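# Notes for the structure review
Below, each chain spelled out in residue letters.
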Amino acid sequence: MIQAVESSAHASAPVLAAYSYCETVTGQQARNFAYGIRLLPAPKRRAMSALYAFSRRVDDIGDGELAADVKVARLEEARATLARIHEGAVEEDHTDPVAVALAHAARRFPIPLGGLDELIDGVQMDLRGETYESWDDLKVYCRCVAGAIGRLSLGVFGTEPGARGAERAPEYADTLGLALQLTNILRDVREDAEDGRTYLPADDLAKFGCSAGFSGPTPPEGSDFAGLVHFEVRRARALFAEGYRLLPMLDRRSGACVAAMAGIYRRLLDRIERDPEAVLRGRVSLPGREKAYVAVRGLSGLDTRHVTRRAVRRRA
């Protein structure tokens, strides 16, 4: 069982200001994520914003225009900041609001901060230009940049006392992270290609005649691009199905948060499946009203009840 252990003490003004900065970053930069975490009580929402703000900083280093050696140095600075947070060496008057907020969150909740080291490892894989021959290879990367975020988030959410199978909660959180990341990879296939990156496994690309890559708004000549997308969509759906087993282990609002975030990505997956070539023409997204519907559905507990009923049928 993983339980959130919030302190009863109120946060100080400097800490609240640091959290406010992180929430602003989250609201501006991560609209899908923000839709989910707004369903959480304030202490958990703030902690999740701190996690996002630090993660965003790491991602921005990797995706920015800095020289490669400067990026490496900046990532090591981020890793050093993590070490200071882990050691309890970041004071409330520190000049870095993200560090202040994350340090406070780590004191209030059992957040496995090593997951952020894994995120840095994943960005370093990008800097090295690593490619992935197989799904097993790509899973290593996805676990660093997304599975770790799932496990970090679970540290904030906690599991309900007495939740059946709660010892597997980190595994399910990790798998849900993989599902989200694979959806991201499909959505961003053209954008990544323009940046010189290919994340889909080389053996999958070869199988569907897509080894030439995605440099334009149409698939490679003679390829079965729709077949490739549908193949990866089925893989992502299987990951979502496994990861959703986490939902009944969470309290109502944490479960609603996870269901909302995952639900948005599952609907993105539906859109990609219906029109695979759309990802080559531009970014596929959901309108705000549809995201709001998914959030309400998550808060209602529909997804959690569905997963619970399915689990009961399997045991019957």
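In what follows, the accompanying structure is described. Here the residue numbering is sequential within each chain, running from 1 through the sequence in written order. Note on the predicted model: pLDDT of at least 70 is required for a residue's local features to be given, and 80 or more for side-chain atom pairs to be given and counted; whole-chain, interface and lining totals, by contrast, use all residues. Excluded from the side-chain calculations are hydrogens and water; all other atoms, namely the structure's heavy atoms, are used.

## Some points on the packing of helix α1 (residues 13-29) against helix α3 (residues 42-63)
Contact geometry for α1 and α3: axes closest at 8 Å, N-to-C directions at 65°. Regarding the angle of α1 to α3, the classification is roughly perpendicular. The two elements α1 and α3 meet at a crossing, and its hand is left-handed. Contact residues: α1 offers Leu16, Tyr19, Cys22, Glu23, Val25, Thr26 and Gln29, while α3 offers Arg45, Arg46, Ala47, Ser49, Ala50, Tyr52, Ala53 and Arg56. Split by residue class, the contact of α1 with α3 holds eight nonpolar, three polar and four charged. To get an axis, a line is fitted to the C-alpha atoms, and for a helix only the part in contact is used. The angle between two axes follows their N-to-C directions and goes from 0 to 180 degrees. Secondary structure elements are taken from DSSP: a helix is a run of H or I of four residues or more, a strand is a run of E of two residues or more, and numbering for both begins at the N terminus. Angles below 35 degrees are treated as roughly parallel, those above 145 as roughly antiparallel, those between 65 and 115 as roughly perpendicular, and all remaining angles as oblique. In this scheme the handedness of a crossing depends on how the near helix is turned from the far one: anticlockwise by less than a right angle means left-handed, clockwise means right-handed. Residue contacts follow a heavy-atom distance rule, with two residues in contact if any of their heavy atoms lie within 4.5 Å. Each residue gets one of three labels, nonpolar for Ala, Val, Leu, Ile, Met, Phe, Trp, Tyr, Cys and Pro, charged for Asp, Glu, Lys and Arg, and polar for the others, Gly among them.

## Quick look at the packing of α1 against helix α5 (residues 97-108)
The axes of two packed helices give the description: the angle between them and the distance between them. At a closest axis distance of 8 Å, the pairing of α1 and α5 adopts a crossing angle of 110°. Between α1 and α5, the angle falls in the class roughly perpendicular. Across from Pro14, Val15, Ala18, Tyr19, Tyr21 and Cys22 in α1, the residues of α5 making contact are Pro97, Val98, Val100, Ala101, His104 and Ala105. Its residues assigned to classes, the contact of α1 with α5 shows eleven nonpolar, one polar and no charged.

## Let's talk about the environment of Pro201
With respect to the helices and strands, Pro201 occurs in the loop between α9 (189-194) and α10 (202-207). In sequence terms Pro201 and Glu133 are 68 residues apart; their C-alpha atoms lie 5.0 Å from each other. If we ignore the near neighbours within four places in the chain, the residues touching Pro201 are Tyr132, Glu133, Ser134, Trp135, Leu138, Glu232 and Arg235.

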